[in-house]
Amino acid sequence: MHQNKNKYTNHIPVLLNEVISVLDPKSGNTYLDLTAGYGGHCDAVLSFTTNPGGMVLVDRDNQAIRFLQNKYGKSKVLIVHNDFLTASKDLLKSNYRFDLILADLGVSSLHFNEASRGFSLLRDGPLDMRMNQDQDLTAEKVINTYSREELVCILKEYGEEPRARLIADIIVNNRPFNSTLQLSNLIAGRFKNSRIHPATKTFQAIRIEVNNELNLLSDSLDLWLKLLSVGGRIAIISFHSLEDRIVKNFFKDHSSSKYEAELNLINKHPITAGPQEIVNNPRARSAKLRAAVKIKI
Ligand SMILES: C[S@@+](CC[C@H](N)C(=O)[O-])C[C@H]1O[C@@H](n2cnc3c(N)ncnc32)[C@H](O)[C@@H]1O
């Protein structure tokens, strides 16, 4: 059905047909996209709901927001530049409710492809990694100012990096760092023969710390449940096991007690990309989609 590569950003929405299948959008439905990015999923959903006045698009990235404003600014779509936790609190305060909610977590292809954003360990750029360029904390601050113990902690917790202590020592003994390649090449030089690039887990850990990714997700899930109408559907796509664990446990907790359950799981096991999608869009390899219907308040 849909493939939908964005010609300006090269961002291909992951699991697009599967998202449409689990959300099952109908004409007139209201829709909240918590990570609207470059509009791939919301475009497809809107083609079914045909209800721009009932669509709210959230993203914390300035570039994504500019893109969404150019695309939908003249329609009745509400575009919110904020992190999804703050946006969800504001929407609840204003008594919004939605038939369909989607969170496609993590970073967009543009984040990795644009060296100047500092997300890529293969392209030289500043140590930035901020999704919202208005915030103060950057990767550079984390790498150049965190204590060895703090670095060990985030490398272990957010990178699941078994060599956390060694890598923290390498960082502390060689700072200051100014660029992504300076850091990734140094780590790669110390750990050869890795299946993946030896700095992959370090970059993941720093990115999660800079963007406070896991805390924002954990703190938002209850609010998303409140924002969903009874009979409404929520779908969440995660890209690594730490995120997926949080989503899985939340869905399990809210669907397991027989009479009290607020959610019915649409898929017992997460939906993952098929081989053809992975060939077309390697980013889809680690995507996991979980979805549920709200059955009571
Ligand atoms: C994987 S992309 C989404 C792509 C989108 N579904 C599409 O089809 O174009 C993730 C987007 O979520 C945004 N994002 C990540 N975490 C966020 C958060 N906590 N609050 C708001 N936006 C967030 C990122 O800036 C990025 O644009």
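Quantities reported herein were computed from a predicted structural model and do not represent experimental measurements.

Glancing now at the overall build of the chain. Along the chain, the regular secondary structure elements total 13 helices and 7 strands. On C-alpha atoms alone, the chain measures out to a radius of gyration of 20 Å, which is about the 19 Å that the 2.2 N^0.38 rule sets for 297 residues. Counting the 297 residues in the chain, one finds 44% classified as buried.

Angle between the axes and distance between the axes: these two values describe a pair of packed helices. Between helix 7 (residues 148-159) and helix 10 (residues 200-211), the shortest axis-to-axis distance is 8 Å and the interhelical angle comes to 100 degrees. One element, helix 7, and the other, helix 10, form an angle in the roughly perpendicular class. Contacts from I154, L155, Y158 and G159 in helix 7 reach K201, T202, Q204, A205, I208 and E209 in helix 10.

Formed by 54 residues in total, the largest nonpolar core has its most connected members in L15, L57, I101 and A235. With residues up to four places along the chain from it excluded, the contact list for I101 reads L32, L34, W224, L227, L228 and I234. Counting residues in each nonpolar core, the second largest holds 24 residues, with V142, V152, L155 and I167 among its members.

Let us now look at the pairing of strand 5 (residues 228-238). For a regular strand, side-chain orientation follows a simple rule: the groups alternate between the two sheet faces. Burial analysis of strand 5 places 8 of its 11 residues in the buried class, the great majority of the element. In this structure, strand 4 (residues 98-104) lies alongside strand 5, joined through 6 bridges in parallel fashion. Across the sheet, the residue bridging to D104 is I237, located in strand 5. Judged from the 6 bridges that link them, strand 5 and strand 7 (residues 288-294) form a sheet pairing that is antiparallel. The residue bridging R233 from the neighbouring strand is V293, located in strand 7.

On to the domain arrangement of the chain. Domain assignment breaks the chain into domain 1 (16-110 + 214-294) and domain 2 (115-211). Computed over C-alpha atoms only, the centres of domain 1 and domain 2 are separated by 28 Å. Each partner contributes residues to the interface: domain 1 has 8 residues there, and domain 2 has 7 residues. Split by residue class, the side of domain 1 that touches domain 2 holds 3 nonpolar, 2 polar and 3 charged.

Interaxial distance between helix 11 (residues 213-227) and helix 12 (residues 241-255) falls to 10 Å at its minimum, and their mutual angle equals 25 degrees. Here helix 11 lies roughly parallel to helix 12, going by the angle between them. Crossing of helix 11 against helix 12: the hand is right-handed. On the side of helix 11, the interface is formed by L214, L217, S218, L221 and L225, while helix 12 contributes L242, E243, I246, F250 and H254.

All right, on to the pairing of strand 7 then. Counting buried residues along strand 7, 6 of its 7 residues qualify, which places the element largely inside the surrounding structure. Where strand 6 (residues 263-265) lies against strand 7, 3 bridges are found, and the strand directions are antiparallel. Bridging from a neighbouring strand, L265 pairs with A292 of strand 7.

Turning our eyes to something else, we now look at the site of the ligand. In the neighbourhood of the ligand, 20 residues make up the surrounding shell, with P13, T35, G37, G40 and D61 lying closest. Put simply, the parts of the chain that give the shell around the ligand at least two residues each are helix 2 (40-49) and strand 2 (55-59). For the shell around the ligand, the per-class residue count stands at 7 nonpolar, 8 polar and 5 charged.

Before going further, it helps to examine the environment of G232. Residue position: G232 is located in strand 5. Along the chain, G232 and G159 lie 73 residues apart, while their C-alpha atoms are 34 Å from each other. Excluding anything up to four places from it in sequence, G232 contacts F98, D99, L100 and K294.

This next bit is on unusual backbone geometry. Along the chain, R175 connects to P176 via a cis peptide bond; the corresponding omega equals 15 degrees. In this structure, P176 sits in the loop between helix 8 (164-174) and helix 9 (180-190). A positive phi angle is found at D24, which is not glycine, with a value near 50 degrees. By the secondary structure assignment, D24 is in the loop between helix 1 (16-23) and strand 1 (31-33). With 14 C-beta atoms counted inside 10 Å, the residue D24 sits in the partly exposed group. In this structure, N95 takes a positive phi of about 65 degrees despite not being glycine. For N95, the location among the structural elements is in the loop between helix 4 (84-93) and strand 4.

Criteria and cut-off values
Residues numbered from 1 in each chain as written. Predicted model: local features only at pLDDT ≥ 70, side-chain atom pairs only at ≥ 80, totals over all residues. Helix = DSSP H or I, 4+ residues; strand = E, 2+ residues; numbered from the N terminus. Rg over C-alpha atoms; globule rule 2.2 N^0.38 Å. Buried ≥ 20, exposed ≤ 12 C-beta atoms within 10 Å, placed from the backbone. Axes fitted to C-alpha atoms, helices over the stretch in contact; angles between N-to-C directions. Parallel < 35°, antiparallel > 145°, perpendicular 65-115°, else oblique. Contact = placed C-beta atoms within 7 Å. Core = buried A, V, L, I, M, F, W, Y, C linked by C-beta atoms within 7 Å. Pairing = 2+ DSSP bridges. Domains from an automatic or database assignment. Nonpolar A, V, L, I, M, F, W, Y, C, P; charged D, E, K, R; others polar. Left-handed = near helix turned anticlockwise from the far one by under 90°. Near = placed C-beta within 6 Å.

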